[in-house]
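Here's the letter readout for the chains.
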Amino acid sequence: MSTHRAGLGVSPGVVAGPVARLAAPPRPPADEKPGDDPVAELARVDAALDQVARTLQERAQATSGDAADVLTATALMARDPSLHSSIQGLLEQGRPTVASLDSAIESVCDVLAGLGGYMAERAGDLRDVRNRALAVLLGLPMPGIPHPGHPFVLVGHDLSPADTATLDPAEVLAIVTEEGGPTSHTAILAKGLGVPAVVRCPSSRDLEDGTLVVVDGSTGSVIADPAPDLVTQALEQADARRRLTATGAGPGRTADGTAVALLVNIATIDDAHRAAALDCEGVGLFRTEGMYLGRHSAPTLEEQEAGYREVLTAFAGRKVVVRTLDAGADKPLAFVEHGDEENPALGVRGLRVSWRHPELLQTQLQALGRAAASTASDVWVMAPMVATPSEAADFVASARAAGLSVAGAMIEVPAAALRADRVLAEVDFVSIGTNDLAQYTFAADRMQGELAALLDPWQPALLDLIAAVGAAGERAHVPVGVCGEAAGDPLLACVLVGLGVRSLSMAPGLIATVRLVLAAHSLEECRAMAAAARDAVDGVTAREAVRALAGEAVRALI
Ligand code: PEP
Ligand code: MG
C-alpha cells in the first residue's frame with residue numbers, strides 16, 4: 001500500500017526510483033568488552049581494513065584523475081603497517097577491538113592534522129576508512145553515499161559537505177532528507193546539480209533500501225510504493241514541464257520587454273565550466289570560498305589569479321559577479337581564524353574577517369584585478385555581510401585600488417537594507433542575499449531546518465526590506481539584483497521584479513522555468529503580484545495570493 005510523506009520541496013522536478021539510504025558513520029559501542037584472543041581480534045580488524053582497501057581500489061579503477069589518486073592513496077593508508085602495529089599494541093593492552101581501531105586511527109589523524117596542508121586534508125580520508133572498517137566490524141551499513149549499482153533516490157538524515165562532494169548526478173535521481181531547510185547545504189547543492197530534493201521529510205529514514213518512491217521536489221511530496229498509474233502520471237508531468245521550459249531561450253524579459261538578467265550561482269571552477277555552456281547571461285554570484293573548502297593554508301596570489309582567470313575566461317563576453325571570501329558561520333574555512341565565538345553567524349564573518357586579516361581581502365582583490373585585466377569578461381566584485389555605508393565605501397575604495405572598476409555590496413544584513421539609500425550612494429550595484437537577510441530579519445538560524453517557515457523567502461517582512469532596496473535602486477539608478485535562493489523560485493522572481501529587482505542569480509537548473517514564468521507576466525502584473533504578497537500575513541498566504549494572480553499555464557507548471 002502506498003504511503004505519503006510531506007516535506008519541503010527545495011529543488012524542483014519529479015522522479016520515480018528506488019531508495020538507497022545514506023548511513024550515518026558508526027561509533028564504537030560504549031559497552032564494548034575486550035575480545036578473548038588479541039591475535040584473533042587483530043585478524044578481524046585486518047580483514048575489515050583489507051575489505052575497505054579493496055573496495056576503495058575498485059572505485060579508484062572505475063574513475064580517473066585526482067579522484068582515482070585520492071582513492072588509491074586512501075586504500076594504501078588502510079593497509080599501512082604502522083597502523084597495524086598500533087592496533088596490535090592496543091589489543092595486547094586489553095582494549096576492546098572496535099575501540100582499538102577507532103583510537104589508533106584517530107591518533108594518526110591527529111598527527112596528520114598537525115602537519116597541516118595536504119597531509120591534514122588526508123585526515124578526513126583516513127576517518128572515512130575508519131568509518132567503513134567500523135561498519136564492517138559491527139555489521140552495519142556502509143556510511144556515506146551508497147553505490148547500489150543503479151540510479152537511486154538518496155535518503156538520509158542530512159547530507160554533510162563531504163557526502164555531497166562525491167555525489168554523482170548521473171546516479172542520484174533525487175535527494176530526500178529528514179533535516180535541512182530551504183537554504184541548507186543539501187538544498188543549495190541539489191539545485192546546483194539540477195537534482196530534485198525534498199528536505200524536512202518526516203520519518204524518511206524508515207524507507208527501506210529498494211522501496212520505489214515518487215519524489216516531487218516542487219511540492220515536497222514523497223510517495224512510497226506508489227500505484228503504477230501514479231508513477232506514470234508523475235513521469236508524464238515531469239516530461240510536460242521539461243518540454244515547456246525547453247521552449248524559451250535568450251535573455252530574461254517580462255512579457256512587456258523589461259530586461260531582467262538571468263544569471264547563475266557558482267562556487268567552483270568546475271561549476272563555471274558547466275554553467276558557461278548554458279543559456280545564461282553570466283554569473284550573478286561566484287561564491288569564492290567554495291574554491292578553498294578543506295584547505296588548511298590561504299591560497300597564494302598566483303593560485304587565486306589562475307583560478308579567477310579560468311572562471312572569467314569561461315564566461316568571456318559575459319558578466320561575472322565575484323563575491324569576496326565569505327568565511328565563517330555556515331562557511332568555515334580552515335585557514336581563517338575566527339577564535340571562539342558564541343554566535344558565529346553574528347560574529348566576525350564575511351567582510352568583517354578583513355578587519356582582522358586585511359591581507360586576505362587585499363590579496364584576493366589583487367588576484368581578481370590581475371585576472372580581470374587579462375580577460376574579456378565584464379567583472380563585478382562585491383563584499384558579503386556589509387552592514388554600514390562606510391563599510392561599503394571602504395570596500396569600493398579597496399576594489400578600485402586593485403583595478404576593479406565595478407564594485408558593490410551584498411545586502412544581507414537588515415541594517416544595510418534599512419539605510420539602502422546611503423549604502424547605494426557608495427557603490428556601483430547591490431545584490432540582495434535573501435538567505436542571510438531572512439536569517440537576520442527573523443532571528444532564525446538558517447542552518448536550523450525547524451525554523452524553515454520563518455526562513456521562507458515569501459515572508460512579507462523580508463519582502464518589505466527588499467522593496468526598500470528596490471525603491472532606493474530606482475531612485476539612485478543603481479542596479480539591484482537578488483542572488484539568494486529566492487531568485488530561483490519562478491513566482492517569487494515575478495514579485496522581486498515587481499519590487500524593482502533587475503537581475504536574478506540562481507542555480508543553473510532553475511533558469512529555464514524562471515525565464516518562462518517571467519515572460520508570461522508584464523511589469524505591471526509583477527507589481528500587482530508584489531503588492532499582493534506584501535499584503536499577506538505570512539509566507540504561505542503570500543505565495544497563494546501570488547499564485548492566484550499567475551496565468552493558468554503557469555499554475556499548471558509550478
Ligand atoms: C545569501 O545569503 O542569500 C547569499 C546569496 O549568500 P550565501 O548563501 O552564500 O550566504
Ligand atoms: Mg549570505
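In this text the structure is predicted, and so the values were computed from the model without any measurement.

Caption draft 1: Region of interest: the coordination of the magnesium ion (ligand 2). With distances of 2.0 to 2.1 Å, the protein atoms coordinating the magnesium ion (ligand 2) are Glu 412 (OE) and Asp 436 (OD). Placement of the pair is Glu 412 in the loop between strand S13 (406–411) and helix H14 (414–418) and Asp 436 in helix H16 (residues 434–441), with a sequence separation of 24 residues. In this structure Glu 412 comes out as buried when scored by relative accessible area, which is 2%.

Caption draft 2: Focus on the state of the cysteines. In this structure the tally under the stated criterion is zero disulfides. Cysteine Cys 526 shares no disulfide, and the gap to the nearest cysteine sulfur, in Cys 494, comes to 4.5 Å. For Cys 526, a relative accessible area of 0% puts it in the buried group.

Caption draft 3: Just the packing of aromatic side chains, in detail. This structure, assessed with the given rule, holds three aromatic pairs. On the numbers, 6.2 Å between centres and 80° between planes, the contact of Phe 286 with Tyr 308 is edge-to-face. A residue pair is termed long-range when its members are at least 10 positions apart, and Phe 286 in strand S10 (residues 282–287) and Tyr 308 in helix H10 (residues 301–314) qualify at 22 residues. When its relative accessible area of 1% is taken as the criterion, Phe 286 is described as buried. A relative accessible area of 1% means that Tyr 308 is categorised as buried. Judged by centre distance (4.7 Å) and plane angle (55°), the rings of Trp 380 and Phe 429 are tilted. Of the two residues, Trp 380 sits in strand S12 (residues 378–383) while Phe 429 sits in strand S14 (residues 429–432), which places them 49 residues apart along the sequence. Over the aromatic face of Trp 380 sits the side chain of Lys 319, whose NZ or CZ is 3.7 Å from the ring centroid.

Caption draft 4: Up close: the sheet that holds S10. One closed barrel holds the eight strands; their spatial order is S9-S10-S11-S12-S13-S14-S15-S16, and the pairing between them is parallel. Going from strand to strand, the sheet's axes swing by 25° on average, the running direction of each strand aside. In the sheet, S13 pairs with S14 via four bridges, with the strands oriented parallel. Paired with Ile 411 across the two strands is Ile 432, which belongs to S14.

Caption draft 5: Local environment of the environment of His 338. The topology assignment puts His 338 in the loop between strand S11 (319–323) and helix H11 (353–356). A relative accessible area of 13% places His 338 in the buried class. In the structure, His 338 is positioned 76 residues away from Pro 414 in sequence and 23 Å away in space, judged by C-alpha atoms.

Definitions and limits used
- Residues numbered from 1 in each chain as written.
- Chains lettered and ligands numbered in written order.
- Predicted model: local features only at pLDDT ≥ 70, side-chain atom pairs only at ≥ 80, totals over all residues.
- Heavy atoms only, no water.
- Donors = N, O, S within 2.8 Å, 3.2 Å for Na, K, Ca; no water.
- Helix = DSSP H or I, 4+ residues; strand = E, 2+ residues; numbered from the N terminus.
- Buried < 20%, exposed > 50% of the residue type's maximum accessible area, 1.4 Å probe, protein only.
- Disulfide = S-S within 2.5 Å.
- Phe/Tyr/Trp six-rings, centres within 6.5 Å; stacked < 30°, edge-to-face > 60°.
- Lys NZ or Arg CZ within 6 Å of the ring centre and 35° of its normal.
- Pairing = 2+ DSSP bridges.
- Axes fitted to C-alpha atoms, helices over the stretch in contact; angles between N-to-C directions.

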